[in-house]
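Now for the letters of each chain:
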Amino acid sequence: MGLLDGLLGQVAENVDIQNLAAKVGLTPEQVESAVTALAQAHPQPGDTVAAASDQTGIAPDALQQIIAHIGGDGALGRFATMLGAQEGGIGGMLGNLGGLFGKN
């Protein structure tokens, strides 16, 4: 949970997985899964909450509460960007560019 806590701390003050779980009535593991699913769904077309709910099985109202606690849609977008950079970094971006030129 350290990576997610660190990234959440950069987009929202006083938010960590343990505290967020207590506020929304979920386990820390569920919140971690929810935050990750929301970040992954955010840049995709369609409804972010519905996609994350389908992926995790967590109710949309709980996901809306999580978004509100981390600072809203703007904070979720920043978190999604930072999580993508952490997971893929420069290598991930270069790999995606290679796919554009048929070299993946």
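Here, the structure is the one placed above.
Residues numbered from 1 in each chain as written. Predicted model: local features only at pLDDT ≥ 70, side-chain atom pairs only at ≥ 80, totals over all residues. Heavy atoms only, no water.

J.: What is the right way to read helix 4 (residues 48-56) from this model?
T.: Three- or four-residue spacings in an α-helix give side chains the same orientation, since the helix completes a turn every 3.6 residues. Buried within helix 4 we find Thr48, Val49, Ala52 and Ser53. Taken end-on, helix 4 shows its buried residues confined to a sector of 125°, consistent with a single buried face. Facing away from the buried side of helix 4, by more than 90 degrees, are the exposed residues Asp54 and Gln55. Its side-chain oxygen at 2.9 Å from the backbone nitrogen of Val49, Asp47 defines the N-terminal cap of helix 4. Gly57, located one to two residues past helix 4, shows a positive phi value of around 80°. (Buried < 20%, exposed > 50% of the residue type's maximum accessible area, 1.4 Å probe, protein only. Helix = DSSP H or I, 4+ residues; strand = E, 2+ residues; numbered from the N terminus. Arc of directions from axis to C-beta. Polar contact = N/O pair within 3.5 Å; in protein donor to acceptor, adjacent residues only side chain to side chain.)

J.: Explain the packing of helix 2 (residues 17-24) against helix 5 (residues 60-70) to me, please; I cannot follow it from the model alone.
T.: Each pair of packed helices can be summarised by the angle the axes make with each other and by the distance between the axes. Where helix 2 contacts helix 5, the axes come no closer than 10 Å and their chain directions differ by 130°. Taken together, the axis directions place helix 2 and helix 5 in an arrangement best described as oblique. Every pair of crossing elements has a handedness; the one defined by helix 2 and helix 5 is right-handed. Between helix 2 and helix 5, the residues in contact are Leu20, Lys23 and Val24 and Gln65, Ile66, His69 and Ile70, respectively. Of the residues belonging to the contact of helix 2 with helix 5, the class tally is four nonpolar, two polar and one charged. (Axes fitted to C-alpha atoms, helices over the stretch in contact; angles between N-to-C directions. Parallel < 35°, antiparallel > 145°, perpendicular 65-115°, else oblique. Left-handed = near helix turned anticlockwise from the far one by under 90°. Contact = heavy atoms within 4.5 Å. Nonpolar A, V, L, I, M, F, W, Y, C, P; charged D, E, K, R; others polar.)

J.: Sorry if this is basic, but what is going on with helix 5 here?
T.: Where helix 5 is concerned, the buried positions are Ala62, Leu63, Ile66, Ile67 and Ile70. Projected down its long axis, helix 5 shows its buried positions confined to an angular sector of 145°, all on one face. Exposed residues lying more than 90 degrees from the buried face of helix 5 are Asp61 and Ala68. Immediately downstream of helix 5, the backbone of Gly71 shows phi near 115°, a positive value.

J.: So what exactly am I meant to see when it comes to the nonpolar core here?
T.: Within the largest apolar cluster, 23 residues are counted, with the highest numbers of intra-cluster contacts made by Leu20, Leu26, Val31, Leu38, Leu63 and Ile66. Breaking this core down by element, the ones donating at least two residues are helix 2, helix 3 (28-41), helix 4, helix 5 and helix 6 (72-100). Contacts of Ile66, omitting those with residues within four sequence positions, involve Leu20, Val24, Leu26, Ala34, Val35 and Leu38. (Core = buried A, V, L, I, M, F, W, Y, C linked by side-chain atoms within 4.5 Å.)

J.: Where do I start with the packing of helix 3 against helix 4 in this structure?
T.: Helix 4 packs onto helix 3 with a crossing angle of 135° between their chain directions and a minimal axis gap of 8 Å. As judged from the angle between their axes, helix 3 and helix 4 are oblique. Here helix 3 and helix 4 pass one another in a crossing that is right-handed. Seen from helix 3, the contacting residues are Ser33, Ala34, Ala37, Leu38, Gln40 and Ala41; seen from helix 4, they are Thr48, Val49, Ala51, Ala52, Gln55 and Thr56. Of the residues in the contact of helix 3 with helix 4, the class split is seven nonpolar, five polar and no charged.

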